[in-house]
Amino acid sequence: MHAILLFAHGSRDPLWHRPIQAVAARIAQRAPHIAVRCAYLELTEPSLAQAAAEVVAQGATSLSVLPLFLGVGKHAREDLPVLMQALRQAHPQLQIDCQPAVGEQAALLDLLADIALGHTQTPE
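In what follows, the accompanying structure is described.

Analysis parameters
Residues numbered from 1 in each chain as written. Predicted model: local features only at pLDDT ≥ 70, side-chain atom pairs only at ≥ 80, totals over all residues. Heavy atoms only, no water. Helix = DSSP H or I, 4+ residues; strand = E, 2+ residues; numbered from the N terminus. Buried < 20%, exposed > 50% of the residue type's maximum accessible area, 1.4 Å probe, protein only. Pairing = 2+ DSSP bridges. Right-handed = clockwise from strand over helix to strand, strands pointing away. Core = buried A, V, L, I, M, F, W, Y, C linked by side-chain atoms within 4.5 Å. Contact = heavy atoms within 4.5 Å. Salt bridge = Lys/Arg side-chain N within 4 Å of Asp/Glu carboxyl O.

Description of unusual backbone geometry
Turning to step 1, where the next piece is worked out: Residue Pro46 is bonded to the preceding Glu45 through a cis peptide linkage, with omega at 5°.
Turning to step 2, where the next piece is worked out: Looking at where Pro46 falls in the secondary structure, it is placed in the loop between strand E2 (35-40) and helix H2 (48-57).
Turning to step 3, where the next piece is worked out: In the Ramachandran plot, Leu43 falls in the positive-phi region, its phi being about 70° despite a non-glycine side chain.
Turning to step 4, where the next piece is worked out: Inspection of the secondary structure puts Leu43 in the loop between E2 and H2.

As structure tokens, then:
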């Protein structure tokens, strides 16, 4: 089984989590055979390690981490590689990859430009 962890900063404000959870819900709806979890760097749980342990316990054999950071600052450049190394050490049997932060992905940058220009379709 493949799993996706959506990795975000975290916040004490429960409303902050809604967009992250909405992305997870969309993934689950589109690909019900993939386990998807939200994970956070700080201020809330589960942590990346906790979310990974959960999907491994459920039978995940591969894992993809998607950092939901628009800016590629210290957390993405310094903290995330350390966390990824810890995941690989904790789960050597697991195939683990880390995607580029969403702020580095052309598809998202194009979508944001389309939104700014008013070129997006209205959600159903």
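Digging into the pairing of strand E1 (residues 2-8)
The side chains of a regular strand alternate, residue by residue, between the two faces of the sheet.
Turning to step 1, where the next piece is worked out: For E1, the tally of buried residues reaches 6 of 7 residues, placing the bulk of the element in the interior.
Turning to step 2, where the next piece is worked out: Bridge count for E1 against strand E3 (residues 62-67) is 6 bridges, and the pairing is parallel. Within the sheet, the bridge partner assigned to His2 lies in E3 and is Ser62.
Turning to step 3, where the next piece is worked out: Between E1 and its parallel partner E2, the chain crosses via helix H1 (residues 18-30), and the hand of that crossover is right-handed.

Brief notes about the nonpolar core
Turning to step 1, where the next piece is worked out: Counting residues in each nonpolar core, the largest one holds 20 residues, and the members touching the most others are Leu5, Leu48, Leu63 and Leu87.
Turning to step 2, where the next piece is worked out: Elements represented by at least two residues in this core include exactly E1, E2, H2, E3 and helix H3 (74-90).
Turning to step 3, where the next piece is worked out: Among all residues touching Leu63, those that are not within four sequence positions of it are His2, Ala3, Leu5, Ala52, Val55, Leu87, Leu94, Gln95, Ile96 and Asp97.
Turning to step 4, where the next piece is worked out: Ile20, Ile27, Ile34 and Cys38 belong to the second largest nonpolar core, which has 13 residues in total.

Some thoughts on the environment of Ala39
Turning to step 1, where the next piece is worked out: With respect to the secondary-structure elements, Ala39 resides in strand E2.
Turning to step 2, where the next piece is worked out: Remark: the alpha-carbon pair of Ala39 and Pro19, spanning 20 residues in sequence, is separated by 13 Å.
Turning to step 3, where the next piece is worked out: Those residues in contact with Ala39, other than ones at most four positions away along the chain, are Leu6, Phe7, Ala8, Pro46, Ser47, Leu48 and Ala51.

Looking at the pattern of salt bridges
Turning to step 1, where the next piece is worked out: In this structure the tally under the stated criterion is 1 salt bridge.
Turning to step 2, where the next piece is worked out: With a shortest N-O distance of 2.8 Å, Glu54 and Arg37 are connected by a salt bridge. With Glu54 in helix H2 and Arg37 in strand E2, the pair connects residues that are 17 residues apart, well separated along the chain.

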